[in-house]
Amino acid sequence: MSEKILAYKRENGNLGIRNYVAIIPVDDLSNNAAESVAKIIKGTIALSHPYGRLQFGEDLNLHFRTLIGNGANPNVAAAIIIGIEPNWAKKIADGIAKTGKPVAYFGIEGYGLLKTIERASRKAKEFVQFATAQEKIEANLSDLIISFKCGESDTTSGLAGNPTAGRVAERLTAEGGTVIMGETSETTGAEHILAQHFATKELSDKYLKIHRDYLKIIEDSGEDLLGSQPTEGNIAGGLTTIEEKALGNIQKAGRKEKVLIQSVLGLAEKPQTKGLHFMDSSSAAAEYITLMGAAGAVLHLFITGQGNIVGNPIIPVIKITANPKTVTEMSEHIDVDVSGILTNEINLDQAADKVLDALTAAARGQFTAAEVLGQQEFVLTRLYPSA
Amino acid sequence: MADHKFLIHEKNDSVGVAIININEGDIAKGIFLTDNGSIEITAAASIPLGHKIALHPIKAGEFVIEYGEKIGRAFKDIAKGDLVHTHNLKSIHWIKK
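Just so you know, these numbers come straight off a predicted model, no measurement behind them.

How each quantity is defined
Residues numbered from 1 in each chain as written. Chains lettered and ligands numbered in written order. Predicted model: local features only at pLDDT ≥ 70, side-chain atom pairs only at ≥ 80, totals over all residues. Heavy atoms only, no water. Helix = DSSP H or I, 4+ residues; strand = E, 2+ residues; numbered from the N terminus. Rg over C-alpha atoms; globule rule 2.2 N^0.38 Å. Buried < 20%, exposed > 50% of the residue type's maximum accessible area, 1.4 Å probe, protein only. Contact = heavy atoms within 4.5 Å. Areas by Shrake-Rupley, 256 points an atom, 1.4 Å probe, with all protein chains shown as cover. Lys, Arg positive; Asp, Glu negative; His and termini not counted. Charge placed at Lys NZ, Arg CZ, Asp CG, Glu CD. Buried area = accessible area lost by both parts, 1.4 Å probe. Salt bridge = Lys/Arg side-chain N within 4 Å of Asp/Glu carboxyl O. Polar contact = N/O pair within 3.5 Å; in protein donor to acceptor, adjacent residues only side chain to side chain. Nonpolar A, V, L, I, M, F, W, Y, C, P; charged D, E, K, R; others polar. Patch = residues over 30% accessible without salt bridge, like charges linked within 9 Å, V, L, I, M, F, W, Y side chains within 5 Å. Axes fitted to C-alpha atoms, helices over the stretch in contact; angles between N-to-C directions. Parallel < 35°, antiparallel > 145°, perpendicular 65-115°, else oblique. Left-handed = near helix turned anticlockwise from the far one by under 90°. Expected span 1.5 Å × (residues − 1). Domains from an automatic or database assignment.

Section: the overall build of chain B
Okay, so step 1: When helices and strands are counted, chain B shows zero helices and nine strands.
Okay, so step 2: Across chain B, helices and strands are ordered from the amino to the carboxyl terminus as β-β-β-β-β-β-β-β-β.
Okay, so step 3: For a compact globule of 97 residues, the expected C-alpha radius of gyration is about 13 Å, and chain B comes in at 13 Å, within 12% of that figure.
Okay, so step 4: Every one of the 97 residues in chain B was classed for burial, and the buried ones make up 47%.
Okay, so step 5: Of the contacts made within chain B by residues no fewer than 6 positions apart, 48% connect residues no fewer than 24 positions apart.
Okay, so step 6: Accessible surface, chain B as shown: approximately 4600 Å² in total, 51% of it carbon and sulfur.
Okay, so step 7: Where the 12 positive side-chain charges of chain B centre and where its 12 negative ones centre are 9 Å apart.

Things to note about the overall build of chain A
Okay, so step 1: Scanning chain A from N- to C-terminus turns up 13 helices and 14 strands.
Okay, so step 2: A compact globule built from 387 residues should have a C-alpha radius of gyration of about 21 Å, and chain A, at 20 Å, falls within 12% of that.
Okay, so step 3: Taken along the three principal axes of its C-alpha coordinates, chain A extends 60 × 50 × 40 Å.
Okay, so step 4: Put simply, 71% of the contacts in chain A that link residues at least 6 apart link residues at least 24 apart.
Okay, so step 5: Put simply, chain A has 38 plus and 46 minus side-chain charges, and the middle of one group is 8 Å from the middle of the other.

Thoughts on helix 10 (residues 285–294) of chain A
All names here are of chain A.
Okay, so step 1: The buried fraction of helix 10 amounts to nine of the ten residues, a majority that puts the element mostly inside the structure.
Okay, so step 2: On its buried face, helix 10 sits against helix 2 (57–72), strand 8 (145–151), strand 9 (178–181), strand 11 (275–279), strand 12 (299–304) and strand 13 (317–321).
Okay, so step 3: Once helix 10 ends, the next one or two residues include Gly296, with phi positive near 95°.

Describing the interface of chain B and chain A
Okay, so step 1: The partner chain A presents 37 residues to the 31 residues of chain B that form the contact.
Okay, so step 2: Here chain B meets chain A over a buried area of about 2700 Å², counting both sides, of which 63% is carbon and sulfur.
Okay, so step 3: Put simply, chain B and chain A have one salt bridge between them.
Okay, so step 4: Summed over the shared surface of chain B and chain A, the number is 13 residue pairs in polar contact (both at pLDDT 80 or more).
Okay, so step 5: Ranked by residue count, the leading element in the side of chain B that touches chain A is strand 7 (residues 69–74) of chain B, at four residues.
Okay, so step 6: The class makeup of the residues in the side of chain B that touches chain A is 14 nonpolar, ten polar and seven charged.

With respect to a nonpolar patch on the surface
Residues and elements named next belong to chain A.
Okay, so step 1: Together, Phe367, Val372 and Leu373 give the surface a local cluster of nonpolar side chains, amounting to about 300 Å² of exposed area.
Okay, so step 2: For Leu373, the location among the structural elements is in helix 13 (residues 369–373).
Okay, so step 3: Exposure remark for Leu373: the relative accessible area of 39% places this residue in the partly exposed category.

Let's talk about the packing of helix 5 (residues 155–174) of chain A against helix 12 (residues 348–364) of chain A
All names here are of chain A.
Okay, so step 1: Where helix 5 contacts helix 12, the two axes come as close as 8 Å, and the packing angle between them is 70°. One element, helix 5, and the other, helix 12, form an angle in the roughly perpendicular class. Crossing angle aside, the handedness with which helix 5 passes helix 12 is right-handed. Taken together, the residues of helix 12 that come into contact with helix 5 (itself represented by Ala160, Pro163, Thr164, Arg167, Val168, Arg171 and Leu172) are Leu348, Asp349, Ala351, Ala352, Asp353, Val355, Leu356 and Leu359.

Observations concerning helix 12 of chain A
Residue and element names in this part refer to chain A.
Okay, so step 1: Across its 17 residues, helix 12 extends 24 Å between first and last C-alpha, which sits within 8% of the 24 Å expected from 1.5 Å per residue.
Okay, so step 2: Taken together, the buried positions of helix 12 are Ala351, Ala352, Val355, Leu356, Ala358, Leu359, Thr360, Ala362 and Ala363.
Okay, so step 3: Turning to helix 12, the residues buried within the fold contact strand 1 (4–9), helix 5, strand 12, strand 13 and strand 14 (336–337).
Okay, so step 4: The backbone nitrogen of Asp349 has a side-chain oxygen 3.0 Å away, supplied by the residue at the start of helix 12, namely Asn347.

What to know about the domain arrangement of chain A
Residue and element names in this part refer to chain A.
Okay, so step 1: Domain boundaries assigned for chain A yield domain 1 (20–132) and domain 2 (140–373).
Okay, so step 2: Averaged C-alpha coordinates put domain 1 and domain 2 at centres separated by 30 Å.
Okay, so step 3: Each partner contributes to the roughly 1100 Å² buried at the junction of domain 1 and domain 2, and carbon and sulfur atoms together form 59% of this total.
Okay, so step 4: For the domain 1 face of the interface with domain 2, the top three residues by lost area are Asn70, Asn73 and Asn75, together amounting to 37%.
Okay, so step 5: Counting every contact that joins domain 1 to domain 2 gives zero salt bridges.
Okay, so step 6: With five residues, the single largest contributor to the side of domain 1 that touches domain 2 is helix 2.
Okay, so step 7: For the side of domain 1 that touches domain 2, the class distribution of residues is six nonpolar, five polar and one charged.

In structure tokens:
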């Protein structure tokens, strides 16, 4: 495999395939300023979100970790942080500055909206000229961190889409690549099988424990996930139970003879080694990809059945589907059609070739369908309500 | 175009997955992903693309098997060739205590 890509080598040596100047609001109040800067200064992107006030404890830590991680992401050349108060803005800026990339922060209090927009815009102009002076270097697809998740899954996901992703994971990791999967709730009913895919017994036990803890939260709440897992879309696509969905989902891990999972990551945690990793995470698409951005993923492979349309502001999302109906009805969202697996026209390895080609093209600079269509969901995960 | 209409993950599965809309009364060919072996079943109901067809009769209370694994429990008797979905199959998980 020699998927040659063109990448930006950041100050800390990490490789990115996009070159954004991110304008990151610390809190809901600062979205207006961030979006105004992004309107005025070409080449910038605002990562708006509705949170960041009166959060505390681990929920606040996750808020900081997710914003710092996304600012530190190698697809971001430079970052500007805007908060209502300067202290939290500084904390996020300091976290991002550890990468060595240009970062600046602005507090709105004491200046007002208009002066903040002007100050941040002047800095953003500088940063865009810095970013656009960066030149790409040749690298390999396996030098990147790539995340995987499926969504609006149906039975074609388990038959073909996810096994194709599994082959892609096998081939990327064989070349020294880094792949992150996750979706704790969606492994329910297949956890005894996924548990065999971890590199050590300790890791396997760690995964089984987080899965058990997760089920306990649901049980203790007196609720169940019927109606959510599987979703209405899953059921319309033929999936009946969470077990069936999970057995299809875990196909993304590849064959255990070929690849094993090297770590169990916490939310928004960056992998420390190459290879395949499992993040203890929600299965909600936009939240998940936002967490992956914080973990350093620069490219995302999204396997869909019925046609989830999710994108991300800083991570190109490649969509594949094996459902011929979705290929036709949702054509503008689909980057790779692997429906030929169902009809025996192509095998899983040939489908993996098609996906690797699409990942390579995106990593050389071609926009994915989600990028062209402007799907830019940036969604922060919350652990509990604000104070 | 292929002449098969459904796929079966594993040898001991009790369901196959339609890769095309199957009409009630159709004699549908299914292929095993494990060894490309095939079977034929007369559809006892319409089986839309992506939905499951019973490969043999399944009694209420029995597990339904796909991927060689339990995907839930039948809560009604299911005839060979019938549609297997939320009207006759339920998860073993997510049951309120």
